[in-house]
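Residue-level structure breakdown
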Amino acid sequence: QVQLVESGGGLVQAGGSLRLSCAASGRTFSGYAMGWFRQAPEKEREFVAAMRWSGTTYYADSVQGRFTISRDNAKKTVYLQMNSLKPEDTAVYYCAVGWINIGTMVPQYWGQGTQVTVSS
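Computed from a predicted structure; not experimentally measured. (Residues numbered from 1 in each chain as written. Predicted model: local features only at pLDDT ≥ 70, side-chain atom pairs only at ≥ 80, totals over all residues. Heavy atoms only, no water.)

So, about the sheet that holds strand S3 (residues 18–25). Backbone-to-backbone hydrogen bonds pair the strands of a sheet. The strands run either parallel or antiparallel. Here we have four strands laid out as an open sheet, ordered S1-S3-S8-S7, and antiparallel in their pairing. Either end of the sheet is taken by a strand with one partner, and the two such strands are strand S1 (3–7) and strand S7 (67–72). Across the sheet, the mean angle from the axis of one strand to that of its neighbour is 15°, orientation sign disregarded. (Pairing = 2+ DSSP bridges. Helix = DSSP H or I, 4+ residues; strand = E, 2+ residues; numbered from the N terminus. Axes fitted to C-alpha atoms, helices over the stretch in contact; angles between N-to-C directions.)

One recurring pattern in soluble globular proteins is that nonpolar side chains are buried together. Judged by nonpolar contacts, the single largest core of 37 residues is most densely connected at Trp36, Leu80, Met82 and Tyr93. Of all the secondary-structure elements, those providing two or more residues to this core are S3, strand S4 (33–39), strand S5 (46–51), strand S6 (57–59), S7, strand S8 (77–82), strand S9 (91–101) and strand S11 (114–119). A total of six residues in this core trace back to one element, the largest contributor, which is S9. Contact partners of Leu80, with chain neighbours within four places excluded, come to Leu18, Arg19, Leu20, Trp36, Val48, Ala49, Phe67, Thr68, Ile69 and Tyr93. (Core = buried A, V, L, I, M, F, W, Y, C linked by side-chain atoms within 4.5 Å. Buried < 20%, exposed > 50% of the residue type's maximum accessible area, 1.4 Å probe, protein only. Contact = heavy atoms within 4.5 Å.)

This part covers unusual backbone geometry. Its identity is not glycine, yet Ser84 carries a phi of approximately 50°, on the positive side. Its location among the elements puts Ser84 in the loop between S8 and S9. Although it is not a glycine, Ile102 adopts a positive phi angle of roughly 50°. Considering the arrangement of structural elements, one finds Ile102 in the loop between S9 and strand S10 (104–110).

The structure is reproduced here in structure tokens:
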């Protein structure tokens, strides 16, 4: 019912910035939370940030103050502005649609992912 397409990943030096975008389509988009997860090699997929339809935002402690999530409901698009990037931010970043549960996101639909690589 929901399809997600990420874009904006790439290679950046430590301390640099990158902006990810995720365009959603489907008839069940309205009212859902949107957010981002990431998965580094040999590690579990982890929550990064999410935003309710109303605009309330949630962030993992590891990205608080550096990343900013935003969304344009009319365009069915969510963004992740990533500043002060660190090598440990290197991962495949996945867009997700779902709902919020105690400060984190429960995803119901996933995008295919976009690679973010931060060099030292």
